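# Architecture at a glance
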Amino acid sequence: MAMASTSSSSRPPLLHPASRTPTPPRLLPLASRASTPRPLLLFLAPPAPARGLRAAATQQPAYDDGDEIEKGDEEEEEYYSAEEDEEEMDVEAMEEEARRAAADLAARLDRELRVDGDVREKRRTIRDKTSTAKHIPDNNLPKVAVIGRPNVGKSALFNRLVGGNRAIVVDEPGVTRDRLYGRSFWGDQEFTVIDTGGVITLSKSQAGVMEELAITTTVGMDGIPLASREAAIARMPSMIEKQAVAAVEEAAVLLFLVDGQAGLVAADIEIADWLRRNFSHKCIILAVNKCESPRKGQMQALEFWSLGFTPIPISAITGTGTGELLDLVCSELKKFEGLEGLDDFEDEEDENRIPAISIVGRPNVGKSSILNALVGEDRTIVSPVSGTTRDAIDTELTTEDGQKYKLIDTAGIRRRAAVASAGSTTESLSVKRAFSAIRRSDVVALVVEAMACVTEQDYKIAERIEREGKACVIVVNKWDTIPNKNNESTTHYEVDVREKLRVLDWAPIVYCSAINGNSVEKIISAASLVEKERSRRLGTSILNQVVREAVSFKAPPRTRGGKRGRVYYTTQAAIRPPTFVLFVNDAKLFPEPYRRYMHKQLRSDAGFPGTPIRILWRSRKRTDKQQRKTNSQGRNALVAAS
């Protein structure tokens, strides 16, 4: 955590209140300055209550970085004009200016950190807000699973139905491995679409499966024994199929997707027989993809009649035929008996925002294992194969006290140079999905491996989290692998983490072992705490008192011309993350070391653990009246000189 400076160590920290304090009066009169020079203040006296904020600013300690002020400098504050002291600060105008400054900063950072696909994600969010469909909780929506062999366009159809760019679409087989969920609607019917991995083990040999999925035994698996690599890769196809089977079992309608351009193949026949044999009680819809031309599409769909289902020609890329497909899906969903009680949710309003927690880190640090341990099931595939997780997997979690969270498992983020040298389009898209997951989350769980500790890549990810303004929890996974642990191990390890992750020195640290399930619940507890701090708003009077005390104990340094910075008013302009605006006489009079000092004092006195805070320094603008007086004085000086 950030430590207070030495000059403020003797005073007790100011405890922040649990709720907002009453707002201060709208206009704060500034104390007039006496015409005679003020005496030198050698001791810090408490500010008079009737003099307001400017009183504390005038009673600066008589030192600058430990050096006493000489008597000849006692008039160093003459650069404040008498007219400025007579003015009244318009608090409402400053509050409005602070909000604009915070909004400008957020917009600038949004442009700098924008990831490909964010625009489509925003359009999908707008569509969800303007939709006339009923709002039903995710766990009560009927589910539609997209099933089929690899590379027939399942992820492209998923993106078409959910209206975004959620699933990675690459002309490679085996890209999708885990289940990917997304909300969709057609007319007044809402439902959840599930994207699945390709089912191929029914008619393929083990060698053929690995060749078709292009699973490597070398890339990103340094340090893992060859036998372990081969065993993990041999299990990969069955684990992908297990995820697909789980999606089929929970779905009400199955979209069996085939490739119209490739024609009918043996794998399609195998999957059709498997669906009839095991899931004949469910509604199965056969969709023939890659039929861009409506006329040719009917011809391409003819040979699929032999599968025993009515083929519907569609094109997931252009959208041809998807309207007829959705009409059929919705008509089948309305027949589903499990939807009888969904009308109870029609009038419910989701007033409580569900916090999103993204789990990020380097490859093979245990992100998917942590997700599975939190939800209590094999939600994602866990394997020592580097890059197992590719999409950003959303999962809803409800704790014992009824609080809901959205957990987002992400792909491992390798160094940019390593991703570029590998030349894998899939990995590049996976990293972009991970960055997008950070953007749409409230809390980021940065997972580091206990034995490897913090690496340079972990620091790069930490910098991204801080710039995005997200609350953060540092998760040290595989803590059970540390040998000969004792009571001092945690202390020494924390010192090392704080030193190497200086940019996140405010983030709490959780030590856990996902495989054994030890202490994983502490991640949710810590995430809940930092999410509340990220959304906390500090009362204006308390905030100004904190800043006033910080300035009183250490005044801004003086320039060579004898000028010193002065803080007039402080307000919190935004939350998520907390953003503070300090109105000063001249922002250039506050150097970077003093700004860091003020940042530390705000943390030590006002709290906000686990979340970044932003401080903006705004120079007080001259009013028109002041400008006219300045011009008048200039003209009088010219007349006198002439």
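Conventions used here
Residues numbered from 1 in each chain as written. Predicted model: local features only at pLDDT ≥ 70, side-chain atom pairs only at ≥ 80, totals over all residues. Heavy atoms only, no water. Pairing = 2+ DSSP bridges. Helix = DSSP H or I, 4+ residues; strand = E, 2+ residues; numbered from the N terminus. Axes fitted to C-alpha atoms, helices over the stretch in contact; angles between N-to-C directions. Contact = heavy atoms within 4.5 Å. Core = buried A, V, L, I, M, F, W, Y, C linked by side-chain atoms within 4.5 Å. Buried < 20%, exposed > 50% of the residue type's maximum accessible area, 1.4 Å probe, protein only. Right-handed = clockwise from strand over helix to strand, strands pointing away. Salt bridge = Lys/Arg side-chain N within 4 Å of Asp/Glu carboxyl O. Parallel < 35°, antiparallel > 145°, perpendicular 65-115°, else oblique. Left-handed = near helix turned anticlockwise from the far one by under 90°. pLDDT = per-residue confidence, 0-100. Expected span 1.5 Å × (residues − 1). Nonpolar A, V, L, I, M, F, W, Y, C, P; charged D, E, K, R; others polar.

### Points about the sheet that holds strand E7 (residues 189-195)
Strand-to-strand pairing in sheets goes through backbone hydrogen bonds, with the strands running parallel or antiparallel. Pairing within the open sheet is mixed, and its six strands lie in the order E6-E7-E5-E8-E9-E10. Every interior strand has two partners, whereas the edge strands, strand E6 (180-186) and strand E10 (311-313), have only one. Pairs of neighbouring strands in the sheet enclose a mean axial angle of 30°, with direction left out of account. Pairing of E6 with E7 involves seven bridges; the strand directions are antiparallel. Within the sheet, the bridge partner assigned to Gly182 lies in E7 and is Val193. Each of strand E5 (143-147), strand E8 (253-259) and strand E9 (283-289) is contacted by helix H8 (residues 266-278), which is oriented at about 165° to E8, the strand it contacts most.

### With respect to the nonpolar core
One broad trend across soluble globular proteins is that nonpolar side chains are buried collectively. Leu446, Val476, Tyr493 and Leu504 are the most contacted members of the largest nonpolar core, which totals 29 residues. Elements with a minimum of two residues in this core: helix H13 (425-439), strand E14 (443-449), helix H14 (456-468), strand E15 (471-477), helix H15 (489-500) and strand E16 (509-511). In terms of nonpolar packing, the next biggest core, distinct from the first, is built from 27 residues, Val152, Ala252, Ala316 and Leu333 among them.

### Looking at the pairing of strand E18 (residues 579-584)
Here E18 lies mainly inside the structure; six of its six residues are buried. Side chains Thr579, Val581 and Phe583 project from E18 onto one buried face, and the interleaved Phe580, Leu582 and Val584 project onto a second face that is buried too. Of the strand pairs in this sheet, strand E17 (residues 567-574) and E18 are connected by six bridges, and their pairing is antiparallel. In the strand pairing of E18, Tyr569 is matched with Phe583. The hairpin formed by E17 and E18 contains four residues between the paired strands, and Arg576 there has a positive phi angle of roughly 55°. Here E18 pairs with strand E19 (residues 614-619) via six bridges, running parallel. The partner of Val581 across the bridge, within E19, is Leu616. Taking the sense of rotation as the criterion, the β-α-β connection linking E18, helix H18 (residues 592-606) and E19 turns out right-handed.

### Structural notes on the pattern of salt bridges
In total, this model carries 18 salt bridges according to the counting rule given. Between Arg149 and Asp268 there is a salt bridge, with the nearest N and O atoms lying 3.1 Å from each other. Separated by 119 residues along the polypeptide, Arg149 in the loop between E5 and helix H5 (154-162) and Asp268 in helix H8 bring together distant segments of the chain. In terms of burial, Arg149 and Asp268 fall into one category: buried. The shortest N-O distance in the salt bridge between Glu468 and Arg439 comes to 3.4 Å. Placement of Glu468 in helix H14 and of Arg439 in helix H13 is noted, with a sequence separation of 29 residues between them. Accessibility expressed as a relative area gives 10% for Glu468, which makes it buried. Salt bridges sharing partners connect three or more residues here, namely Asp110, Arg439, Arg464 and Glu468.

### Observations regarding the sheet that holds strand E12 (residues 393-398)
Pairing within the open sheet is mixed, and its six strands lie in the order E12-E13-E11-E14-E15-E16. Each edge of the open sheet carries a strand with a single partner, namely E12 and E16. Neighbour-to-neighbour, the strand axes of this sheet turn through a mean angle of 25°, independent of strand direction. In this sheet, E15 lies alongside E14 in parallel orientation, the contact comprising seven bridges. For Val444, the partnering residue across the bridge sits in E15 and is Cys472. Against the sheet, H14 touches strand E11 (356-361), E14 and E15, its axis set at about 175° to E14. Running over the sheet, H15 touches E14, E15 and E16 and is turned about 135° from E16.

### What to know about the packing of helix H17 (residues 540-553) against H18
A pair of packed helices is captured by two measures, namely the crossing angle of their axes and the spacing between those axes. Orientation of H17 relative to H18, taken along the N-to-C sense of each, is 130°, at an axis distance of 10 Å. With respect to H18, the axis of H17 lies oblique. Every pair of crossing elements has a handedness; the one defined by H17 and H18 is right-handed. Seen from H17, the contacting residues are Leu543, Val546, Val547, Ala550, Val551 and Phe553; seen from H18, they are Tyr594, Tyr597, Met598, Gln601, Leu602 and Asp605.

### Side note on the confidence of the model for the chain
If pLDDT is low for a region, its predicted coordinates should not be looked at in detail. Per-residue confidence for the chain gives a mean pLDDT of 75, with 65% of residues at or over 70. Segment residues 208-221: pLDDT under 50, and 31 contacts once partners within four positions in sequence are set aside and those in other chains are kept. Counted against residues more than four places away or in other chains, residues 337-351, with its pLDDT under 50, gives 15 contacts.

### Regarding H15
Over its 12 residues, H15 extends 17 Å from the first C-alpha to the last, a length consistent with the 16 Å expected when each residue adds 1.5 Å. In this structure, the buried side of H15 is in contact with E14, E15 and E16.

### Here's the deal with the environment of Asp480
Within the secondary structure, Asp480 sits in the loop between E15 and H15. For the pair Asp480 and Ala514, spaced 34 residues apart in sequence, the C-alpha to C-alpha distance is 9.6 Å. When neighbours within four sequence positions are excluded, Asp480 is seen to be in contact with Lys485, Ser513 and Asn516.

### Side note on the pairing of E15
Among the seven residues that make up E15, seven are buried, leaving the element largely enclosed by the rest of the structure. Because side chains alternate across E15, one face comprises the buried residues Ala471, Val473, Val475 and Asn477, and the other comprises Cys472, Ile474 and Val476, equally buried. On the question of chirality, the crossover connecting E14 to the parallel E15 by way of H14 is right-handed. Alignment of E15 against E16, held across three bridges, turns out to be parallel. Within E16, the residue paired with Ile474 across the bridge is Ile509. Between E15 and its parallel partner E16, the chain crosses via H15, and the hand of that crossover is right-handed.

### Considerations on the packing of helix H3 (residues 91-113) against H14
Running from N to C, H3 and H14 point in directions that differ by 145°, and their axes come no closer than 10 Å. Judged by residue contacts, Leu109, Glu112 and Leu113 of H3 engage Arg464, Arg467 and Glu468 from H14. Across the contact of H3 with H14, the residue classes tally to two nonpolar, no polar and four charged.

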